[in-house]
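Residues per chain, in single letters:
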Amino acid sequence: MSQQNWDATEYKEHASFVPSLASDVIELLNPQEGEKILDIGCGDGELTYKLKQKGCLAIGIDSSPSMVESTKIRGIEAYIIDGENITYQNEFDAVFSNAALHWLTQPEKVIKGVYLALKSNGRFIAEFGGDGNIAALLEAMQRVFQENKEFGEFKIPWYFPTTEAYKLLLERVGFKVKYIELIPRPTPLKSGVEKWLEIFAEGIIKELTPEQKNVFLVAVKDKLTPVIYTKKDGWVADYVRLRFEATKT
Ligand code: BEZ
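Our subject in this report is the structure included herewith. The model shown is predicted, which means the values in this text are computed figures rather than measured ones.

Conventions we followed
- All residue numbers refer to position in the chain's written sequence, counted from 1.
- Note on the predicted model: pLDDT of at least 70 is required for a residue's local features to be given, and 80 or more for side-chain atom pairs to be given and counted; whole-chain, interface and lining totals, by contrast, use all residues.
- To obtain the side-chain values, all non-hydrogen atoms of the structure were used and water was disregarded.
- Strands here mean DSSP runs of E at least two residues long; helices mean DSSP runs of H or I at least four residues long; both are numbered from the N terminus.
- With C-alpha atoms as the basis for the radius of gyration, the globule rule is written as 2.2 Å multiplied by the number of residues raised to the power 0.38.
- Throughout, a contact is declared for two residues whenever any of their heavy atoms are within 4.5 Å.
- All accessible areas in this document rest on Shrake-Rupley with a 1.4 Å probe, and a residue is counted as covered only by the protein chains that are shown.
- For each residue, the accessible area found with a 1.4 Å probe, counting protein chains only, is set against the maximum for its type, and the residue is called buried under 20%, exposed over 50%, and partly exposed in between.
- DSSP calls a pair of strands paired once it identifies at least 2 bridges connecting them.
- By convention, a crossover is right-handed whenever its connection, traced from the first strand over the helix to the second and viewed with the strands pointing away, goes clockwise.
- To be near a molecule or strand, a residue needs just one of its heavy atoms within 4 Å of it.
- Side-chain atoms alone can form a polar contact between residues adjacent in sequence; in general such a contact is a pair of N or O atoms within 3.5 Å, and within protein one must be able to donate a hydrogen while the other accepts it.
- Just so you know the grouping, Ala, Val, Leu, Ile, Met, Phe, Trp, Tyr, Cys and Pro go in nonpolar, Asp, Glu, Lys and Arg go in charged, and all remaining residues, Gly too, go in polar.
- Axis definition: a line fitted to C-alpha atoms, limited for helices to the stretch in contact. Angles are taken between N-to-C directions and run from 0 to 180 degrees.
- Definition used in this section: a nonpolar core is a set of buried Ala, Val, Leu, Ile, Met, Phe, Trp, Tyr and Cys residues joined via side-chain atoms within 4.5 Å.
- Put simply, a salt bridge is a Lys or Arg side-chain nitrogen that is within 4 Å of an Asp or Glu carboxyl oxygen.
- Note on terminology: angles under 35 degrees are roughly parallel, angles over 145 are roughly antiparallel, angles of 65 to 115 are roughly perpendicular, and the others are oblique.
- Note on convention: near helix rotated counterclockwise from far helix by under a right angle means a left-handed crossing. Clockwise means right-handed.

### Some details on the overall build of the protein chain
- For the protein chain, the helix and strand inventory stands at 11 helices and 10 strands.
- For 249 residues, the compact-globule estimate of 2.2 N^0.38 gives 18 Å, and the protein chain sits close to it at 18 Å.
- By sequence separation, contacts in the protein chain at least 24 residues apart represent 75% of the contacts at least 6 residues apart.
- Total accessible area on the protein chain stands at roughly 11600 Å², and carbon and sulfur atoms take up 50% of it.

Quick look at the structure:
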C-alpha cells in the first residue's frame, strides 16, 4: 500500500482540518444531483458525505480499512482500494480527490485508472500537495536525518509535482486540462507540529526506535520553531496545493 494505514479516530481528532479546507475544490467539482462520483482517498468520508447530501451517488475508496469503515458508518458505499489500482470502467460522471494524490507515488497508474473509470466527457477534479509543498518541514526532517546517520537514508514518501509535469501526465493519457494551478495555502496545525509529524510523517519515522523517534521529534521541532511558529498564529505549515480540472476526451 502506498498510503498509511490511517487510524480514523486519531485522524478525526488531529487532522479534521484536511476536509474542512476543501471548499474551493468542491466548488470546482460543482457536483450535480444524480451524478455518480468517485472519491479517491475518501478518508473518513466527510467530503463523500457532502457529495451525497447534494444528491450525488458518491462512492469512496481508500487504502485504509479503518477509514473505509468510518465512511460506511455514514451510510456511504466505500471500498478498500488503493488509488493506484482502480479497475472501474466507464462508470463515473466525475472523479474527485482532496489531499490524497500526493500519497500515491505512481501517478501514471492513478491517472490511467481514473481515465478508464470515467464516462466519456467525465471530469477529473482534485487538489493535493504540489511542488514546494511542506518545503520547510521537509528540509528540517532531512537535516535531522543528516545529523543522525544511524537513522538511515531519508526517503520522501510523497509526490509533489509541478503543474507542467502533472499536466503532461494527464494529457498523455488523453485528458484535456481545463485548469491547473499551484496555490500556496499556509495551514494552521492546531494540534502542533509534533502531532503532525507523528500522524503524517509516519512513513519517514516508522523504522526508527522509540528513542530515535523522540530525538527526531524534538530536533525537528527545534529547527522549525523559528521558521513556522509564532506566538500569534501558533504552528502554520507551508502547504502548497495543486488544484486542477481535466476532462476525458
Ligand atoms: C498535504 O496535505 O499536503 C500533506 C499532508 C501530509 C503529509 C504531506 C503532505
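Having seen it, we continue.
### Points about the pairing of strand β1 (residues 36–40)
- Burial runs high along β1: four of the five residues are buried.
- Both β1 and strand β2 (residues 57–62) contribute to a ladder of five bridges, which runs parallel. In the strand pairing of β2, K36 is matched with L57.
- With respect to chirality, the unit in which β1 leads through helix α4 (residues 46–53) into the neighbouring parallel β2 is right-handed.
- Across three bridges, β1 lies against strand β4 (residues 92–98) in parallel orientation.

### A look at the sheet that holds strand β8 (residues 229–230)
- The strand order across the open sheet built from three strands is β7-β9-β8, with neighbouring strands paired in antiparallel fashion. The open sheet terminates on both sides in strands that have one partner only, identified here as β7 (187–188) and β8.

### Examining the site of the ligand
- Near the ligand, the surroundings consist of H102, W103, N133, I134, W158, F160, W196, F200, Y239 and R241.
- At 2.7 Å from an oxygen atom of the ligand is found a side-chain nitrogen or oxygen belonging to N133.
- Note that an oxygen atom of the ligand is positioned 2.3 Å from one of the side-chain N or O atoms of R241.
- Against a free-state accessible area of 260 Å², the protein chains account for coverage of 98% of the ligand.
- Looking at the shell around the ligand, its residues break down into seven nonpolar, two polar and one charged.

### Describing the sheet that holds β2
- The seven strands are arranged β3-β2-β1-β4-β5-β10-β6 in an open sheet whose pairing can be described as mixed. Since the sheet does not close on itself, it has two edges, and those belong to β3 (77–80) and β6 (175–184), each with one partner. Neighbouring strand axes in the sheet, compared pairwise and without regard to direction, differ in orientation by 15° on average.

### Points about the environment of I76
- Residue placement: I76 occurs in the loop between α5 (65–73) and β3.
- Once the C-alpha coordinates of I76 and K52 are considered, the two residues, 24 residues apart in sequence, prove to be 8.0 Å apart.
- Residues in contact with I76, not counting those within four places in the same chain, are G45, T48, Y49, K52, A58, G60 and T71.

### Considerations on the nonpolar core
- With 39 residues, the main nonpolar core has L137, M141, W196, F200 and F216 as its most contacted residues.
- Only α1 (8–14), α2 (17–20), α7 (135–147), α9 (192–200), α10 (202–205), α11 (210–228) and β9 (234–237) provide two or more residues apiece to this core.
- Per element, the largest residue contribution to this core is seven residues, and it comes from α7.

### Observations regarding unusual backbone geometry
- Located in the positive-phi region is N90, a residue other than glycine, with phi close to 50°.
- Here N90 is to be found in the loop between β3 and β4.
- A relative accessible area of 49% means that N90 is categorised as partly exposed.
- Positioned with a positive phi, I134 is a non-glycine residue whose angle comes to about 45°.
- In this structure I134 comes out as buried when scored by relative accessible area, which is 2%.

### Observations concerning the pattern of salt bridges
- In the structure shown here, the tally under the stated rule is 13 salt bridges.
- With a closest N to O distance of 2.8 Å, E91 and K36 form a salt bridge. Taken together, the positions of E91 in the loop between β3 and β4 and K36 in strand β1 put the pair 55 residues apart, joining distant regions of the chain.
- Among the residues examined, E91 registers a relative accessible area of 28% and is labelled partly exposed.
- The partner of K223 in a salt bridge is E147, with the nearest N and O atoms 3.0 Å apart. Linking K223 in helix α11 with E147 in helix α7, this pair joins segments that are 76 residues apart in sequence.
- Classification of E147 by relative accessible area gives partly exposed; the value is 49%.

### Examining the packing of α9 against α11
- Viewed as axis vectors pointing N to C, α9 and α11 meet at an angle of 130°, and their least axial separation amounts to 10 Å. Here α9 is positioned oblique relative to α11, judged by the angle of their axes. Taken as a pair, α9 and α11 cross one another with a handedness that is right-handed. Facing α9, whose interface residues are V193, E194, L197 and E198, α11 presents F216, L217, V220, K221, L224 and I228.
- Among the residues making up the contact of α9 with α11, the classes are represented as seven nonpolar, no polar and three charged.

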